[in-house]
Amino acid sequence: MPATQANSKMRLTRIALMRWLRHRKITVCICAVLAFVLIHWYMQSDSYLIEEFTFPLPGATTKKPWSDFFFGFCDFAGISKSTTSSPDKQLQKYVNYMAEKIIVNFTVIRNIDSISVKKFTLYNSGNEDIPFFKWKLYFYDVGFVGFNSFPYPRGLPVDNSELLIFHEAGNLYSLQPTDQFVPFIHRGDTLEVVYDTYGPHVSKYYSFPNWFVSCEGCVPRVLKCTVGEGLEFVGNFSKREQLKRSQDDLMKPFTAQDRFKRNSAVRNTRKAPIHSVIPTPLKMDGWEEDSVFVSPSDWVVNAQNFKQEGKLLAETLQLSMGNSRKNNVISFRQGHVNFTKNSNLHRQEGYEISIDPKAGTIEVIAIEAAGAFYAVQTLLSLMKKEHGKSRNSVGYSFPKTKIMDAPRFEYRGLMVDVSRNFVDKKTILKLLDVMAMYKVNKFHFHLSDDDGWRLEISDFPELTQFASNRCLDPTEEVCLPPSLGSGPFLNLSGTGFYTATDYKEILSYAKSRHIQVIPEIDVPGHARSAIKAMELRYKRTKNPKYRLIDPDDRSQYKSAQGHTDNAVNPCLDGTYEFLKVILRNLYDLHKDIQPLTFYMLGGDEVAGGAWEKSPLCMNLKQKHSLHTYHDLKRYFFRRLMHEMEKEGMSFGLWGDAVLDKELNPNPLEEEFKGKVYTYSWSNIWEWRRGSLAYKLANAGYKVVMSPATYFYFDHPYEPDPQERGLYWATRYLDSHTAFSYQPDHLYWNRGTLVNGGEMTDTVLCSGGCPPLTEPKNIRGLQVDLWTETIRTPEQVDYMLFPRFLAFAERAWHKAPWESMKDAVKRNKKHQSDWEKFAQKVGHKELRRLEEKGVMYRLDPPGARFSASILEINTIFPCLPVEYSLNNGASWEKYNPEITTKLSHRGSVWVRSTSFDGQRKSRIVCVEES
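These numbers come from a predicted model, not from an experiment.

Definitions and limits used
- Residues numbered from 1 in each chain as written.
- Predicted model: local features only at pLDDT ≥ 70, side-chain atom pairs only at ≥ 80, totals over all residues.
- Heavy atoms only, no water.
- Helix = DSSP H or I, 4+ residues; strand = E, 2+ residues; numbered from the N terminus.
- Buried < 20%, exposed > 50% of the residue type's maximum accessible area, 1.4 Å probe, protein only.
- Contact = heavy atoms within 4.5 Å.
- Areas by Shrake-Rupley, 256 points an atom, 1.4 Å probe, with all protein chains shown as cover.
- Expected span 1.5 Å × (residues − 1).
- Polar contact = N/O pair within 3.5 Å; in protein donor to acceptor, adjacent residues only side chain to side chain.
- Phe/Tyr/Trp six-rings, centres within 6.5 Å; stacked < 30°, edge-to-face > 60°.
- Disulfide = S-S within 2.5 Å.
- pLDDT = per-residue confidence, 0-100.
- Axes fitted to C-alpha atoms, helices over the stretch in contact; angles between N-to-C directions.
- Parallel < 35°, antiparallel > 145°, perpendicular 65-115°, else oblique.
- Left-handed = near helix turned anticlockwise from the far one by under 90°.
- Nonpolar A, V, L, I, M, F, W, Y, C, P; charged D, E, K, R; others polar.
- Pairing = 2+ DSSP bridges.
- Salt bridge = Lys/Arg side-chain N within 4 Å of Asp/Glu carboxyl O.
- Right-handed = clockwise from strand over helix to strand, strands pointing away.

### Some points on the overall build of the protein chain
Moving on, step 1. Check the secondary structure of the protein chain and you find 23 helices and 36 strands.
Moving on, step 2. Looking at the protein chain as a whole, 56% of its 929 residues qualify as buried.
Moving on, step 3. If you take every contact in the protein chain between residues at least 6 apart in sequence, the share linking residues at least 24 apart comes to 74%.
Moving on, step 4. Of the roughly 40,200 Å² that the protein chain leaves accessible, carbon and sulfur atoms contribute 52%.

Here is the structure:
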């Protein structure tokens, strides 16, 4: 190439280079913008989000900070990393120290506009400094932490951004330091963590015990200060912004004076009511002056009919069985009971009792065995243990009376959730005993949910070997994550299941008490425990037959309980195969004891967004002209009932399972009419849901009324921060509230607004007020006990009793006031009836519960001063009460018949006690000015 050409080319190249250099800033900016756009597009894409939207596990690898290099050469806090053979042992010491010495103080700062702002502080109370390492402190919150920022796969920064909160699963969260975290937590140092959650937090027992700390390769340790049900680490609720759920919340804790006024509606008489029976019989004639004395030495039971029921009574009264007696005999006979003309009675369970002192006989007539059994329960309620003419002879007296009785509803149920926190077999058997006492005949057994699977299924050992356990397990091959205060180990309330033998024992126990067990396996939502167990099975067997999720599903959703992966896929054949196996196992367990004729499918609270990006569901929707997730749910249940249908089988569904997006019931196919029961639980008037029970009944569904504002017994008894329970439906639900429900007149159950304000007709009928056109479809009532805040048998008893007795009264007995159209007259009669009921409970039923070992809630007393005279009353008369003038140093028994004028000035503490004196209520204070 000629030199001139070469030089010319080089010159042109230099010119081009200079031009590029002159514009390099523009070029770099363009490249940076393109790079940013590409990165942003990738981060927002499904592939990135789904990959990142997994909860960080304790064993996740993290980048080592500069301090690790520092600790490699220096001995700090008495532990040298360079001289320790295993780094995990060194980190374990830090974890152990934190669990022992870190003091947690948890406080709710304020509640406003559906958001609560909370703070917890971590105080190093020990004598050592805590060096930097990648610790994780786990805590629980049933609100959605960082609701407006969710999801946050890389963590939610707290104020100083050196700490991050991660959503682990459900209501489990972790606090972790970033690489910018200070190198030490010095002795005496305090870390402050402020965060917000969705939903108000106005109760101490909305918090959970057993916070714990761990790190990669470490054994987790529970923070000592958070152990136990006392929740001492939770601060007081004393300010308005702590006690109110919102700015317009009118609810406030009851003072002793408030409670006194409420309790004054019932006279505190010392005399027991005559012929006391709960639930109240349909018709009862009796005379106090005459009675029968039944002595084991000369009375017998004649039970040619209803032998099991006769034997039960004979064993209780220590009588022998005999057939030839004409007097001194309790006889059982099958026959017709002459009821008054009342088509609403469930006559098959009816009975008649005649107690005739002159003839020396007690006669029981029943149509079926269940009626004879309920007659026995009534007799046991009427009897009094007494001495005979000789002080050495002990027997039982029964008042002269004639009783005719039958229940208003065929379905009188109790649902117990054993998934959120496990309820042991002994407690279940005790509940069945008490159900029988009060003639409640359906035990709805909620055996599975997100937080645990509780029944042994022989075909799928993974369900109990894995999904019945909760612990901290990075591999998710041993257990489900901790939740609801269950802690990191397997020995607390999160772990447990019923073996096949246990379940059969429960069935036999229930059958002998004429209680039908209705098992529930909740699908398609609330199914995380089953999904994770079947994924573990798939990994082990490589057989997708029983897999419950579409592996290519990229849907994003969040359930009401904070789960993002808890819905089985309705477009997958494996889902139906799995459930058919479950049903077959249930059939086998039931068949020789109590044949399975009623199966609860669940169906509630399926999160919006589930299955939206499932390829299988996209194909299915196109094939069957389905458009929304409501359509998919309807397809799911229709196919499920077809594939699982057995002769005479009934299915149960939670009410929202059969609603469309406009809150109207889906049409019920002709083939399923009379076979589908819906449990109508969501009854908040402001949410346009108050009339759902009538809408469902009118659409042809059998309806069990289980309104949350009246029969969700996981809600508190009082609007007080010291009371256990959730309060999403109502701030409180006491015995009087449950007693007041009127199932035959839905719109008379107005109540108040959620905030405690007056209910208006506009709000009442915001969802429509259709009349009930198919009253025959209202089949009964049910109490639901969800166990999010319940971890012990004592807490089960506390939340159920004594308000369960009020439910039993309404489920069996229709009071005359329930049909009175005049509201003034109705309210007056209702109050009179409540007074009689409260007298029965206070004078007798609480003692009967104690005899059964039931640790019922002791309602705090009401109290006031009147002319310096201390007056105390209780919601149920006759309950023992104590008071203290010296802040609890000593206690005096209160006698309402003795008026003592107190010269004391200042606060007086009062409390109620159990009749055996072993248990005390919450202490309340009354001031004498």
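### Here's the deal with helix α16 (residues 629-644)
An α-helical turn contains 3.6 residues, so a residue and the one three or four places further along point in the same direction.
Moving on, step 1. Taking 1.5 Å of rise per residue, 16 residues should cover 22 Å, and α16 covers 22 Å from first to last C-alpha, within 8% of that figure.
Moving on, step 2. The elements touched by buried residues of α16 are β25 (516-523), α14 (573-590), β26 (598-602), α15 (615-624), β27 (650-654) and β28 (676-680).
Moving on, step 3. The N-cap of α16, judged by a side-chain oxygen 3.2 Å from the amide nitrogen of H630 a few residues on, is T628.

### Section: the packing of aromatic side chains
Moving on, step 1. Taken as a whole and judged by the stated rule, the model has 52 aromatic pairs.
Moving on, step 2. A centroid spacing of 5.2 Å and a plane angle of 50 degrees characterise the contact between F445 and Y498, whose relative ring orientation is tilted. Pair noted here: F445 is in strand β22 (residues 442-446) and Y498 is in the loop between α11 (462-465) and α12 (500-512), with a separation of 53 residues, a long-range link.
Moving on, step 3. Centre to centre, the rings of W681 and W728 are 5.9 Å apart; their planes meet at 80 degrees, and the pair counts as edge-to-face. Separated by 47 residues along the polypeptide, W681 in the loop between β28 and α17 (692-698) and W728 in the loop between α18 (708-711) and α19 (735-739) bring together distant segments of the chain.

### Some words on the state of the cysteines
Covalent bonding between the sulfur atoms of two cysteines defines a disulfide.
Moving on, step 1. Tallying each qualifying case throughout the model produces four disulfides.
Moving on, step 2. Here C765 engages in a disulfide with C769; their sulfurs sit 1.9 Å apart. The sign of the S-S torsion, about -95 degrees, decides the handedness of the disulfide formed by C765 and C769: left-handed.
Moving on, step 3. Residue C769 is classed as partly exposed on the basis of its relative accessible area, which comes to 28%.

### A word on the confidence of the model for the protein chain
Moving on, step 1. Chain-level pLDDT for the protein chain is 89 on average; 89% of the residues reach the 70-or-more range.
Moving on, step 2. Below a pLDDT of 50 lies the segment residues 42-87, which in the model reaches 71 contacts outside its immediate sequence neighbourhood of four places, other chains included.

### A short note on the environment of N124
Moving on, step 1. In this fold, N124 is placed in strand β2 (residues 115-124).
Moving on, step 2. Note: C-alpha distance between N124 and Y97 (27 residues apart in sequence) is 9.5 Å.
Moving on, step 3. Here N124 is in contact with Y97, K101, I102, D129, I130, I185, H186, R187, G188 and D189, once residues within four sequence places are set aside.
Moving on, step 4. Only 3.2 Å separates the side chain of N124 from the backbone oxygen of H186, close enough to count as a polar contact.

### Looking at the side chain of Q242
Moving on, step 1. Relative to the helices and strands, Q242 is located in helix α6 (residues 240-243).
Moving on, step 2. Among the polar contacts listed, one links the side chain of Q242 to the backbone nitrogen of S238, at a separation of 3.0 Å.

### So, the packing of helix α8 (residues 307-317) against helix α9 (residues 369-382)
Moving on, step 1. Two elements in contact, α8 and α9, have axes separated by 9 Å at closest approach and are oriented at 20 degrees. What the angle tells us is that α8 and α9 run roughly parallel. In this structure, the crossing between α8 and α9 has a hand that is right-handed. Here E309, L312, L313 and T316 of α8 lie close against α9, whose contacting residues are A369, A372, F373, V376, Q377, L379 and L380.
Moving on, step 2. Split by residue class, the contact of α8 with α9 holds eight nonpolar, two polar and one charged.

### Examining the environment of R689
Moving on, step 1. Structurally, R689 is set in the loop between β28 and α17.
Moving on, step 2. Here the alpha-carbon distance between R689 and D656, two residues 33 residues apart in the chain, equals 10.0 Å.
Moving on, step 3. Those residues in contact with R689 that sit more than four places away from it in its chain are L663, S682, N683 and I684.

### Focus: the pairing of β2
Moving on, step 1. The element β2 is extensively covered by neighbouring structure, given that eight of its ten residues are classed as buried.
Moving on, step 2. Bridging between strand β1 (residues 102-112) and β2 involves ten bridges; their strand directions are antiparallel. What sits directly across from I103, in β2, is Y123.
Moving on, step 3. With nine bridges connecting them, β2 and strand β10 (residues 190-198) associate as antiparallel partners. Bridge pairing in β10 places L122 opposite L191.

### Regarding the pattern of salt bridges
Moving on, step 1. What the rule picks out here adds up to 52 salt bridges.
Moving on, step 2. Ionic pairing is found between E100 and K224, a salt bridge with its closest N-O pair at 3.2 Å. Remark: K224 occurs in the loop between β12 (221-222) and α6 and E100 occurs in helix α5 (residues 87-101); sequence separation between them is 124 residues.
Moving on, step 3. Judged by its relative accessible area of 53%, K224 falls in the exposed class.
Moving on, step 4. For E476, the salt bridge goes to R528, with nearest N and O atoms at 3.7 Å. With E476 in the loop between α11 and α12 and R528 in helix α13 (residues 528-541), this pair connects stretches of sequence that are 52 residues apart.
Moving on, step 5. Overlapping salt bridges bring together R259, E718, D720, E723, R857, D859 and R922 as one network.

### Focus: the pairing of strand β21 (residues 411-417)
Moving on, step 1. Here β21 lies mainly inside the structure; seven of its seven residues are buried.
Moving on, step 2. By the alternation rule, side chains of β21 split into Y411, G413, M415 and D417 and R412, L414 and V416, which are all buried.
Moving on, step 3. Sheet topology note: the β21/strand β30 (residues 778-785) ladder contains six bridges and is parallel. Counterpart to V416 in the pairing with β30 is L785.
Moving on, step 4. Here β21 runs beside β22; their pairing, made up of five bridges, is parallel. Looking across to β22, one finds that D417 is bridged to H446.
Moving on, step 5. Traced from β21 through helix α10 (residues 425-437) to β22, the parallel crossover comes out right-handed.

### Some details on the sheet that holds β2
Sheets are built from strands that pair by backbone hydrogen bonding, the pairs being arranged parallel or antiparallel.
Moving on, step 1. Pairing within the open sheet is antiparallel, and its four strands lie in the order β1-β2-β10-β5. Strand pairing shows two members of the sheet lacking a second neighbour, β1 and β5 (144-145), which therefore form its edges.
Moving on, step 2. As defined by bridge partners, β5 adjoins β10 across two bridges and the pair is classed as antiparallel. Looking at β10, one finds that V145 is bridged to T197.

### Some details on the packing of α12 against α14
Moving on, step 1. Contact geometry for α12 and α14: axes closest at 10 Å, N-to-C directions at 55 degrees. Relative to α14, the element α12 is oriented oblique. In terms of crossing hand, the pair formed by α12 and α14 is right-handed. Judged by residue contacts, A500, Y503, K504 and L507 of α12 engage L586, L589 and H590 from α14.

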